[in-house]
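# Structural overview
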Amino acid sequence: MTIRELLAEESPTLRRRLASLFSGLPDETPASPLSCAAGEVVVRQDAPCRCVYVLVEGRADASGLQPGGPSHTYSEFGPLTLFGEYEALCGANCFLAEVRARTACRFWVLAREDYFSWFFSGRDTTLSRVREVVRSLWEQARRERGYLSLDSDSRLLSFLVSWYEANAGGGTACIPMTRPAIGDETGVCSRTVNRGVRALRERGFLDIQSGKIQLSHTQYLRLRAELE
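Our subject in this report is the structure included herewith. Just so it is clear, the structure is predicted and the values come from calculations on it, not from any experiment. (Residues numbered from 1 in each chain as written. Predicted model: local features only at pLDDT ≥ 70, side-chain atom pairs only at ≥ 80, totals over all residues. Heavy atoms only, no water.)

### Quick look at the state of the cysteines
Basically, it comes down to this: Only a pair of cysteine sulfur atoms within 2.5 Å counts as a disulfide in this structure description. Residue burial is assigned from relative accessible area. The probe radius is 1.4 Å, only protein chains are included, and a residue is buried under 20% of its type maximum, exposed over 50%, and partly exposed in between.
A full pass over the atoms with the stated rule returns zero disulfides. With no disulfide of its own, C49 lies closest to C51 among cysteine sulfurs, the gap being 7.6 Å. Owing to a relative accessible area of 5%, C49 belongs among the buried residues under this scheme. Cysteine C94 shares no disulfide, and the gap to the nearest cysteine sulfur, in C49, comes to 8.1 Å. What makes C94 partly exposed here is its relative accessible area of 32%.

Quick look at the structure:
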């Protein structure tokens, strides 16, 4: 398919946002649509990187696999995020991180050479992409500097607060993730996660429902105060 054909299939609002993002990219540039279910791996770390993936709809995580240890989730990303852009700009032949769909996602996939044609299509486009890459790298570094200063208990608190804010909508919510998955998210082992969950449950900061962590809004507020 072409960019023109893909744009024609989107809603008017999303079409305007995508057309603005890809201003300077010829309408006949080939691109492939890709749909992924929640939990599906989109790209694997160290896999050959020949394309750039544009997240059109949904939310996705990027995580780094640590040799001999758990993976570490860098962040959650929303629509109009580009994956594979860092690799293209630094000349890497393999993906530097794993990308997994957090929700059902849709992507457009561009060949690396077409990405560069767009990147260099005009001064404004080049400057805009450079600014976006530098901004995201700075934000990631800022988060990680703060995160590294946290002990394992504080990391668990930070995860629970962030998950509730992103997913719960103010009511009571059950976190569907397993303890090993939470360990991957926080960068600590599942045994430490289990110990932390037990301690928080004993203090009334959370409940367990069918083996999963359950949080009410009141418990969320207590967790946030504890973290602060």
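### Overview of the packing of aromatic side chains
Inclusion rule: Paired rings are identified among Phe, Tyr and Trp, the last through its six-membered ring, by centres lying within 6.5 Å, and are further divided according to the angle between planes into stacked (under 30 degrees), edge-to-face (over 60) and tilted (the rest). Labels follow the DSSP assignment, with helices taken as runs of H or I lasting at least four residues and strands as runs of E lasting at least two, numbered in each case from the N terminus.
As enumerated under the stated definition, the model contains twelve aromatic pairs in all. Aromatic pair Y115 and W118: ring centres 5.9 Å apart, planes at 70°, arrangement edge-to-face. Of this pair, Y115 and W118 are both found in helix α4 (residues 112-119), three residues apart, which corresponds to roughly one turn of the helix. Assigned by exposure class, Y115 and W118 land together as buried. Between Y115 and F119, the ring centres sit 5.9 Å apart and the planes meet at 40°, which makes this aromatic pair tilted. Of this pair, Y115 and F119 both sit in helix α4, four residues apart, which is roughly one turn of that helix. Classification of Y115 by relative accessible area gives buried; the value is 0%.

### Considerations on the pattern of salt bridges
Where side chains of opposite charge bring their charged atoms close, a pairing between them can arise. Condition: Salt bridges, as used here, are contacts in which a Lys or Arg side-chain nitrogen is within 4 Å of a carboxyl oxygen on Asp or Glu.
In the structure shown here, the tally under the stated rule is twelve salt bridges. Here E10 ties to R106 by a salt bridge, and the two come within 2.8 Å at their closest N and O atoms. Remark: R106 occurs in strand β8 (residues 105-111) and E10 occurs in the loop between α1 (3-8) and α2 (12-21); sequence separation between them is 96 residues. Note on E10: relative accessible area 8%, which makes it buried. A salt bridge links R123 to D124; its shortest N-O distance comes to 3.8 Å. Look at D124 and you get exposed, because its relative accessible area is 58%.

### Considering the environment of I175
Here is the rule we go by: Residue contacts are counted whenever heavy atoms from the two residues lie within 4.5 Å of one another.
Considering the arrangement of structural elements, one finds I175 in strand β9 (residues 173-175). Other than its neighbours up to four places away in sequence, I175 contacts F159, L160, W163, K212, I213 and L215.

### A look at the side chain of R179
The following threshold applies: As used throughout, the charge tally considers Lys and Arg to be positive and Asp and Glu to be negative, leaving His and the chain termini uncounted. Whenever a nitrogen or oxygen atom comes within 3.5 Å of another N or O atom, the pair is scored as a polar contact, on the condition that within protein one atom can donate a hydrogen and the other can accept it, and that pairs from neighbouring residues in sequence are kept only if both atoms are in side chains.
By secondary structure assignment, the location of R179 is in helix α7 (residues 179-186). Despite its burial, R179 pairs with no opposite charge; the closest candidate is D207, at 11 Å N-O. One polar contact links R179 to N194, side chain to side chain, over a distance of 3.3 Å. The residues contacting R179, other than those within four sequence positions of it, are S190, V193, N194, V197, I208, G211 and I213.

### Some remarks on the sheet that holds strand β11 (residues 212-215)
We count it as follows: Note on pairing: DSSP must find at least two bridges between two strands before they are called paired. To define axes, lines are fitted to C-alpha atoms, for helices over the stretch in contact only, and angles between the resulting N-to-C directions are given on a 0 to 180 degree scale.
Ordered by their spatial adjacency, three strands build an open sheet running β9-β11-β10, and the pairing between neighbours is antiparallel. Because the sheet does not close on itself, it has two edges, and the strands there are β9 and β10 (207-209). Here the average twist between neighbouring strands, direction ignored, is 40°. Relative to β11, β10 runs antiparallel, the two sharing three bridges.

### Description of the packing of helix α6 (residues 152-167) against α7
Where we set the bar: By the definition adopted for this analysis, an angle is roughly parallel if under 35 degrees, roughly antiparallel if over 145, roughly perpendicular if from 65 to 115, and oblique otherwise. When residue character is reported, Ala, Val, Leu, Ile, Met, Phe, Trp, Tyr, Cys and Pro are called nonpolar, Asp, Glu, Lys and Arg charged, and the others, Gly included, polar.
One can describe the packing of α6 onto α7 by two numbers: an axis separation of 10 Å at closest approach and a directional angle of 105°. In terms of their interaxial angle, α6 and α7 are classed as roughly perpendicular. Of the residues in α7, those in contact with R155, L156 and F159 of α6 are I182, E185 and T186. Looking at side-chain class alone, the contact of α6 with α7 contains three nonpolar, one polar and two charged residues.

### Describing α6
Selection criterion: The span one expects for a helix is its residue count, reduced by one, times 1.5 Å.
End to end, α6 covers 22 Å across 16 residues, agreeing with the expected 22 Å (1.5 Å per residue, within 8%). When α6 is considered as a whole, its buried residues turn out to be S154, R155, L156, L157, S158, F159, L160, V161, W163 and Y164. At the C-terminal side of α6, G169 shows a positive phi close to 70°.

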